[in-house]
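# Examining the three-dimensional arrangement
Listed here are the chains, written in short residue letters.
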Amino acid sequence: MITPPLGRILDTSRQRCTFSPGDTDEATCKTPASWHVAWSADMENGLACDEHMAVAQQYAYLDRHQVGGDCSMPGSSWDFDRKRCFIDGCSSPESAVAEQSMPLEAS
Ligand SMILES: [Zn+2]
Ligand SMILES: [Zn+2]
């Protein structure tokens, strides 16, 4: 498996996989999540570890991106173009630099 150059390491320790067959506390995965998945246009969303992202891919989903520091935070919004979540007015200098280095004509 090839790991993409993510650039910086984010603290995602609070963001756990929400996979929960039967929707019970005992069945919930709780592995640190690596994917943020949007299930519907209503922005129903969940977090998934690598193992459960593979399971999730069997189902229809709207969008997904790698879990970042703003994912699942109160007030965060899903950015489909940049494949991340962001909180208005709180963009860090690091993410501003990352945006500038992105090719403008990326499809
Ligand atoms: Zn999981
Ligand atoms: Zn997210």
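Residues numbered from 1 in each chain as written. Chains lettered and ligands numbered in written order. Predicted model: local features only at pLDDT ≥ 70, side-chain atom pairs only at ≥ 80, totals over all residues.

## Thoughts on the overall build of the chain
Per the secondary structure count, the chain includes two helices and five strands. Going residue by residue from the N terminus, the α and β elements of the chain occur as β-β-α-β-β-β-α. Taking all 107 residues of the chain together, 17% fall into the buried category. Restricting the contact set of the chain to residue pairs at least 6 apart, pairs at least 24 apart contribute 37%. (Helix = DSSP H or I, 4+ residues; strand = E, 2+ residues; numbered from the N terminus. Buried ≥ 20, exposed ≤ 12 C-beta atoms within 10 Å, placed from the backbone. Contact = placed C-beta atoms within 7 Å.)

## A look at the pairing of strand E2 (residues 45–48)
Summarising the sheet, strand E1 (residues 35–38) and E2 pair through four bridges and their orientation is antiparallel. Counterpart to Trp35 in the pairing with E2 is Ala48. Counting the residues that bridge the hairpin from E1 to E2 gives six residues, and of these Met43 lies at a positive phi of roughly 65°. (Pairing = 2+ DSSP bridges.)

## Structural notes on the environment of Ser77
Structurally, Ser77 is set in strand E4 (residues 76–79). Residue Ser77 is classed as exposed on the basis of its 11 C-beta neighbours within 10 Å. Put simply, Ser77 and Asp88 are eleven residues apart on the chain and 7.9 Å apart in space, counted from C-alpha to C-alpha. The residues contacting Ser77, other than those within four sequence positions of it, are Cys85, Phe86 and Asp88.

## Observations regarding the nonpolar core
Among the nonpolar cores identified, the biggest contains twelve residues, and these are Cys17, Phe19, Ala33, Trp35, Val37, Leu47, Ala48, Cys49, Val67, Cys71, Cys85 and Phe86. Only E1, E2 and strand E5 (84–87) provide two or more residues apiece to this core. Those residues in contact with Cys71 that sit more than four places away from it in its chain are Gln15, His36, Ser76 and Cys85. (Core = buried A, V, L, I, M, F, W, Y, C linked by C-beta atoms within 7 Å.)

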